[in-house]
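Descriptive analysis of the structure
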Amino acid sequence: MSVNKICLIIPSLKTGGTQRFVSYLFNYLNRELFEVHLILLNGEDIIGSLDKANLNIHILNFKKVRLSIFMIYKKVSEIRPDIIMTFQSHLSIYLIFFKIFFSKKIKFIARESNLVSFKNKTFRYPLLLDFLYRNLFCNFDKIVCQSEDMLNDLNDNYLLPQKKLIKINNPIDTSYIDSMILNADSESIKYDFITCASTLSPQKGLSRLINSFSFIKDKNLTLAILGDGESRIFLQKQIDKL
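A few points on the structure.

What counts and how
Residues numbered from 1 in each chain as written. Predicted model: local features only at pLDDT ≥ 70, side-chain atom pairs only at ≥ 80, totals over all residues. Heavy atoms only, no water. Buried < 20%, exposed > 50% of the residue type's maximum accessible area, 1.4 Å probe, protein only. Helix = DSSP H or I, 4+ residues; strand = E, 2+ residues; numbered from the N terminus. Pairing = 2+ DSSP bridges. Right-handed = clockwise from strand over helix to strand, strands pointing away. Salt bridge = Lys/Arg side-chain N within 4 Å of Asp/Glu carboxyl O. Contact = heavy atoms within 4.5 Å.

**Some thoughts on the pairing of strand β4 (residues 83-87)**
- Among the five residues of β4, five are classified as buried, and the element is accordingly described as predominantly covered.
- Of the two faces of β4, the one lined by Ile83, Met85 and Phe87 and the one lined by Ile84 and Thr86 are each fully buried.
- In terms of strand pairing, β4 meets strand β5 (residues 107-112) through five bridges, oriented parallel. By the bridge assignment for β5, Ile84 is matched with Phe108.
- With helix α3 (residues 89-97) bridging β4 and its parallel neighbour β5, the resulting β-α-β unit is right-handed.

This is the structure:
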């Protein structure tokens, strides 16, 4: 049986939802069907659950995506993959712009992790990003969306062909969660928690969650938000005012 080589390319594995998804792919893609390579532009943050016994981890030591194209091209030429899968929109846009320089045999796949029409509004040049999505993302062979809403957003607002869009919901590593529970401290907890683990960014809607939770009358119920990101200070100030 022939094995397809696949390169997973991401700027870094600094903890977040997309990074966790990449670690699942790297750990669990069937090695009888795929030879999996992980290319990191910056290797400072490695997720603890990543299978470090797998030797196909390539760290390019670049902190800026825009400076990395030559090294990405060089590494891809060494690996000679059948599939390249990119993560995080700025890298996906950058890489697909240079697609013409890569082998025509390579299939390019992007994974979108946000509702694009909303996310682009949070950046400095939203109209430019909208233009790039409409005119560059169509060059991907497939685009993976987390939800039906994301898929419809790309189809309706960016005119990306339905045949190129596929919905794959986020996976859950139940064995990892079970091991964490078994190794957790057994100290009793006095309160019940509602826990939200998320990147702290505007498109996650955490401000609305905090406002809604303030109306709950049961004071033994605590909201625990786990994560970090650009909205951390804003959200903390919002909590302090309640």
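**Quick look at the pattern of salt bridges**
- If you walk through the whole model with that rule in mind, you get five salt bridges.
- Here Glu78 and Lys75 are joined by a salt bridge, their closest N and O atoms 3.1 Å apart. Residue Glu78 and its partner Lys75 are located together in helix α2 (residues 69-79), separated by three residues, close to a single helical turn.
- Using a relative accessible area of 49% as the deciding quantity, one classes Glu78 as partly exposed.
- The closest approach of N and O atoms between Arg232 and Asp228, which form a salt bridge, is 3.8 Å.
- Residue classification places Asp228 among the partly exposed positions, given a relative accessible area of 48%.

**Digging into the side chain of Ser12**
- Examined against the element boundaries, Ser12 turns out to sit in the loop between β1 (4-10) and α1 (17-28).
- Ignoring any residue separated from it by four or fewer positions in sequence, one finds Ser12 in contact with Gln19, Leu40 and Asn42.

**Points about the pairing of strand β8 (residues 192-197)**
- When β8 meets strand β9 (residues 221-226), the two strands line up parallel, connected through six bridges. By the bridge assignment, Asp192 is partnered in β9 with Leu221.
- Once the chain exits β8 it traverses helix α8 (residues 206-213) before rejoining the sheet at β9, and the crossover so formed is right-handed.

Bear in mind that shape data such as this cannot, by itself, settle questions of function.
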